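Coordinate inspection notes
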Amino acid sequence: MSTRAPASARSAAARATGLSKVYGEGETRVVALDSVSVEFGRGRFTAIMGPSGSGKSTLMHCMAGLDPVSAGSARIGDIELSGLDERRLTRLRRDSVGFVFQAFNLLPTLTALENIALPLAIAGRRPDRRWLDTVVATVGLADRLGHRPAQLSGGQQQRVAVARALASRPQIVFADEPTGNLDSRSGAEILGFLRDSVRELGQTVVMVTHDPTAAAYADRVVFLADGRLTDELLAPTAEGVLERMRRFDATARTS
Ligand code: ADP
């Protein structure tokens, strides 16, 4: 059974419009994002790529309500983030956004299951048992739920982190280089889980990566350079992404 919405019913899970982000002032002023407009489709897996310093993390942090925007708009669903006070922003991040980071950020004293359920416990929400079972089955953790992080491999720890991000059934999951600390086999597993969460569970995932192979798991790749959106690729292959990156490098060298 698939819970995925039909393509016609899909709309943007998150949207940036003319989003700019400036850090510092005067001589230390950095324009990290320069009027970026982009939509992240509901029930889709989007990768954000670009050279180091191009604004990938900043875009993700602004879209996730972790960093205020300098100008323009960042929305999760219909909610404009810049209109929210700190309390509402905290609630939105807790209820509507899931995060997966390069460092797994698990609590060492809790079991895998306790880690997965922790954000729900903090929010005072009772886990939806059926959903939790589905998530745990999708990430293949059923026989590891009683283990503590130190008893799990890096790949298994990141699976726990992915399950934790999915547990509250957030509107959108942001993953920042989720395979950066993993060997290629564990990385492929995590990317497969993220893709399955989109295809089988209807989750929306936005992932920052610099790895063309990782980006090829996504439905779509958007490219950033110098804080601007420069290109996008649908149904990407690793070769296609690599070729596009080479083209940017060549343009950057001649300009
Ligand atoms: P990427 O994720 O593509 O490597 P970032 O979004 O981290 O790029 O950074 C974009 C630009 O913004 C870079 O020039 C970076 O140095 C700058 N930047 C990012 N975060 C901060 C910050 N907290 N303070 C000042 N400058 C920052």
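Up top is the structure.
Structure report, in brief. (Residues numbered from 1 in each chain as written. Predicted model: local features only at pLDDT ≥ 70, side-chain atom pairs only at ≥ 80, totals over all residues. Heavy atoms only, no water.)

1. What about the side chain of Ser197?
Looking at where Ser197 falls in the secondary structure, it is placed in helix H6 (residues 184-199). For Ser197, a relative accessible area of 0% gives the class buried. At 2.7 Å, the side chain of Ser197 and the backbone oxygen of Leu194 are in polar contact. Apart from the residues lying within four places of it in its own chain, the contact partners of Ser197 are Leu166, Gly202, Gln203 and Val205. (Helix = DSSP H or I, 4+ residues; strand = E, 2+ residues; numbered from the N terminus. Buried < 20%, exposed > 50% of the residue type's maximum accessible area, 1.4 Å probe, protein only. Polar contact = N/O pair within 3.5 Å; in protein donor to acceptor, adjacent residues only side chain to side chain. Contact = heavy atoms within 4.5 Å.)

2. Examining the environment of Asp176
Structurally, Asp176 can be placed in strand S7 (residues 172-176). Excluding residues within four positions of it along the chain, Asp176 makes contact with Ser57, Met60, His61, Val100, Phe101, Gln102 and Val208.

3. Section: the sheet that holds strand S2 (residues 30-41)
Here we have 4 strands laid out as an open sheet, ordered S2-S1-S4-S5, and antiparallel in their pairing. The sheet is open, and its two borders are formed by S2 and strand S5 (79-80), each paired with just one other strand. As paired strands, strand S4 (residues 71-76) and S5 are joined by 2 bridges and run antiparallel to one another. Looking at the pairing, Arg75 lines up with Glu80 of S5. Across the face of the sheet, helix H1 (residues 56-63) comes into contact with strand S1 (12-23), S2 and S4 while running at roughly 120° to S1. (Pairing = 2+ DSSP bridges. Axes fitted to C-alpha atoms, helices over the stretch in contact; angles between N-to-C directions.)

4. Looking at the pattern of salt bridges
Overall, the coordinates contain 15 salt bridges when judged by the stated rule. A salt bridge links Arg75 to Glu80, with the nearest nitrogen and oxygen atoms 3.7 Å apart. Residue Arg159 pairs with Glu189 through a salt bridge whose shortest N-O separation is 3.1 Å. Of this pair, Arg159 sits in helix H5 (residues 154-167) while Glu189 is found in helix H6, placing the two residues 30 residues apart along the sequence. With a relative accessible area of 14%, Arg159 lands in the buried category. Linked by salt bridges that have partners in common, Arg94, Asp95 and Arg125 make up one network. (Salt bridge = Lys/Arg side-chain N within 4 Å of Asp/Glu carboxyl O.)

5. Some points on the nonpolar core
With 43 residues, the main nonpolar core has Phe45, Ile116, Leu141, Met207 and Val221 as its most contacted residues. The element contributing the most residues to this core is H5, with 7 residues. Residues Met60, Ile76, Leu81 and Phe174 belong to the second largest nonpolar core, which totals 27 residues. (Core = buried A, V, L, I, M, F, W, Y, C linked by side-chain atoms within 4.5 Å.)

Shape descriptors only; they carry no functional weight alone.
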